[in-house]
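Listed here are the chains, written in short residue letters.
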Amino acid sequence: MRFALDARPENVHVCHCRMCQKAVGGPFATICPVPKAAFRVTRGAIAWFASSALARRGFCRDCGTPLIFDYPEDDGLGVMAGALDRPDLVPPVVQYGTESRLPWFGHLPDLPGSPTDADDERGYIPRIAATNRQHPDHDTADWPPAHRG
């Protein structure tokens with residue numbers, strides 16, 4: 001599925017709460033709030049999971065990508081930064097749920113790092129790239145960038 005945003009997200013935030021950790025399968029979620037009127041599906045359909053009695057989470061039923069956090073009665077929704085083609089254009093400005101922030105989070109910049117294709121002795125990276133079933137990113141520096149799910 002594909003979607004587009006007609007407004008720039010505001011109050012982009014990292015959420016460390018356990019519900020967000022479980023929803024994205026990672027140590028935190030990066031959420032990009034937009035008005036619901038500024039979000040539109042351009043191809044496919046969103047699948048939904050009711051993560052609580054108050055909130056639901058939207059995901060791509062084809063690839064499993066977490067896409068949205070939504071309070072149905074609210075005028076806005078939170079788009080997951082990882083679902084954007086250009087997450088670099090929406091840096092977080094605040095953190096929530098810090099009581100559940102993993103203690104090693106602040107030490108990530110101190111860890112050694114390498115590019116994705118380093119030490120790819122089995123040649124997995126080009127084989128994965130050639131058969132990737134997720135939607136490709138669109139390389140654009142203009143807003144609004146195209147988005148995928």
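The structure this text deals with has already been given above.
Heads up: these notes are all about the structure in this document. Remember, it's a predicted structure, so these values are computed and weren't measured experimentally.

Description of the packing of aromatic side chains
Any two aromatic rings considered together are summarised by their centre-to-centre distance and by the angle between their planes. Enumeration over the complete set of coordinates arrives at three aromatic pairs. Ring geometry for Phe69 versus Tyr71: centroids 4.9 Å apart, planes at 85 degrees, classification edge-to-face. One cation-aromatic arrangement involves Arg56 over Trp48; the distance from NZ or CZ to the ring centre is 3.5 Å.

Describing unusual backbone geometry
For Asn11, which is not glycine, the phi torsion reads 55 degrees and is therefore positive. Considering the arrangement of structural elements, one finds Asn11 in the loop between β1 (2–5) and β2 (13–15).

Some remarks on the side chain of Arg57
Along the chain, Arg57 falls in strand β6 (residues 56–60). If near-sequence neighbours (up to four positions away) are discounted, Arg57 is found in contact with Met19, Cys20, Ala23, Ala47, Trp48, Phe49, Ser51, Ile68, Phe69 and Met80.

A look at the environment of Glu73
Position of Glu73 relative to the elements: it lies in the loop between β7 (66–70) and β8 (76–80). By relative accessible area, Glu73 is classed as exposed at 60%. Sequence-wise, Glu73 and Leu54 are 19 residues apart; in three dimensions their C-alpha atoms are separated by 8.8 Å.

Thoughts on the layout of surface pockets
Its boundaries defined by the atoms lining it, the largest pocket holds a volume of some 220 Å³. Along the walls of the largest pocket sit 15 residues, with His13, Ile31, Phe69, Tyr71 and Gly78 positioned nearest its centre. The biggest single contributor to the lining of the largest pocket is β8, with three residues. Here the residues of the lining of the largest pocket are counted per class, giving nine nonpolar, three polar and three charged. Within this model, the second largest pocket holds a volume of roughly 160 Å³. When residues of the lining of the second largest pocket are assigned to their parent elements, the largest contribution, four residues, is made by helix α1 (residues 18–24). Residue composition of the lining of the second largest pocket, grouped by class: nine nonpolar, two polar and two charged.

Points about the pairing of β7
Within β7, four of the five residues are buried, which leaves the element mostly enclosed by the surrounding structure. Here β6 pairs with β7 via four bridges, running antiparallel. By the bridge assignment, Arg57 is partnered in β7 with Phe69. Turn length for the β6-β7 hairpin, with the two strands adjacent in sequence and antiparallel, is five residues, and the turn residue Gly64 shows positive phi of about 85 degrees.

Quick notes on the sheet that holds β2
Strands sit in the order β5-β6-β7-β8-β3-β2-β9 across an open sheet of seven strands; the sheet is mixed. Two strands in the sheet have a free side with no partner beyond their single neighbour: β5 (46–49) and β9 (94–96). Here the strands of the sheet are splayed against their neighbours by 30 degrees on average, with no regard to which way each runs. Two strands pair when backbone bridges link them, and β2 and strand β3 (residues 29–35) are joined in this way by three bridges, in the antiparallel orientation. When the bridges of β3 are listed, Cys15 appears paired with Ala29.

About the thresholds
- Residues numbered from 1 in each chain as written.
- Predicted model: local features only at pLDDT ≥ 70, side-chain atom pairs only at ≥ 80, totals over all residues.
- Heavy atoms only, no water.
- Phe/Tyr/Trp six-rings, centres within 6.5 Å; stacked < 30°, edge-to-face > 60°.
- Lys NZ or Arg CZ within 6 Å of the ring centre and 35° of its normal.
- Helix = DSSP H or I, 4+ residues; strand = E, 2+ residues; numbered from the N terminus.
- Contact = heavy atoms within 4.5 Å.
- Buried < 20%, exposed > 50% of the residue type's maximum accessible area, 1.4 Å probe, protein only.
- 1 Å grid on protein atoms, 1.4 Å probe; cavity = no way out; pocket = protein on both sides within 12 Å on 5 of 7 lines; lining within 4 Å.
- Points joined across faces, edges and corners; volume = space filled by probe spheres on them.
- Nonpolar A, V, L, I, M, F, W, Y, C, P; charged D, E, K, R; others polar.
- Pairing = 2+ DSSP bridges.
- Axes fitted to C-alpha atoms, helices over the stretch in contact; angles between N-to-C directions.

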